[in-house]
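Read off the chains here:
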Amino acid sequence: MALSSPRRSALSDQVIAQLRNQITSGEWPVGSRIPTEPELVEQLGVARNTVREAVRALAHNGLLDIRQGSGTYVLATSELAGVMHRRFADADPRHIAELRSTLESSAARLAAERRTERDLGQLDALLARREEAWASGVAEAFVAADATFHLAVVAASHNEVLTGLYADLGDLLRDWLREDIGQELRPEHHMDHARMVEAIRAGDGDAAASEAAGYPFMCLRRPAAARG
């Protein structure tokens, strides 16, 4: 997505809005380094101070992380996600697992009742992508694919509040999964999510909820060394 040059007088607000859009649209994914200050100045056609002010504002809101000598990185996809990330970054892993279990089991039950054919097609495609990412052996690719799949399950609940809350927790949950799997994907730690998708397809809310509720605790039962 190309950045366009602001035209109205409130340059700082416009630059903040454009940079935020790059983040929320996924053009700058969580964990990625954004363009340097000189690059942003050139792309936006504004003064260096305006860019600096916008970046600092987004860092203050929790979306960006300014690392001296390294660059500026995307920390979260929304202000609420940034708050969640900061607030619960050091939470007990069991408490994170309990939160995931509660939210995802409720969502899976609703998805079994409300899913559409389009939802099922999306879940099938994302489940296949998750398996491909696992087979690749690239941990970060698997984290991204797994997170996208689980968000799609929640979205299939057709509960906008639940989906929005889960999305805002997404950065925290990805960090949790990243720490859990470590740098190496081990065959004995693979978890097949096909049964949950089939339960959703069959409209079996109890089975879908049971499958979803158990996954986070299966992670916790891994040996500590395997969780990084």
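What comes next concerns the included structure. Small disclaimer: the values here were computed from a predicted structure and weren't measured.

### Let's talk about the overall build of the chain
Line of reasoning, step 1. Across its full length, the chain holds 10 helices and two strands.
Line of reasoning, step 2. Reading the chain from its N end, one meets helices and strands in the order α-α-α-β-β-α-α-α-α-α-α-α.
Line of reasoning, step 3. Overall, the chain is about 55 × 40 × 30 Å in size when its C-alpha atoms are taken along their principal axes.
Line of reasoning, step 4. For the chain, the proportion of its 228 residues judged to be buried stands at 43%.
Line of reasoning, step 5. Nonlocal contacts in the chain, meaning residues at least 24 apart in sequence, comprise 70% of its contacts between residues at least 6 apart.
Line of reasoning, step 6. Per element, the accessible surface of the chain, about 11,900 Å² overall, is 50% carbon and sulfur.
Line of reasoning, step 7. In the chain, 26 side chains carry a positive charge and 33 a negative one; their mean positions are 3 Å apart.

### Comments concerning the pairing of strand 1 (residues 64-67)
Line of reasoning, step 1. The sheet contact formed by strand 1 and strand 2 (residues 71-74) spans four bridges and is antiparallel. Considered in strand 2, the bridge of Arg-67 is made with Gly-71.
Line of reasoning, step 2. Hairpin remark: strand 1 followed by strand 2, antiparallel, with three residues in the connecting loop; positive phi at Gly-69, about 85°.

What counts and how
- Residues numbered from 1 in each chain as written.
- Predicted model: local features only at pLDDT ≥ 70, side-chain atom pairs only at ≥ 80, totals over all residues.
- Heavy atoms only, no water.
- Helix = DSSP H or I, 4+ residues; strand = E, 2+ residues; numbered from the N terminus.
- Buried < 20%, exposed > 50% of the residue type's maximum accessible area, 1.4 Å probe, protein only.
- Contact = heavy atoms within 4.5 Å.
- Areas by Shrake-Rupley, 256 points an atom, 1.4 Å probe, with all protein chains shown as cover.
- Lys, Arg positive; Asp, Glu negative; His and termini not counted.
- Charge placed at Lys NZ, Arg CZ, Asp CG, Glu CD.
- Pairing = 2+ DSSP bridges.

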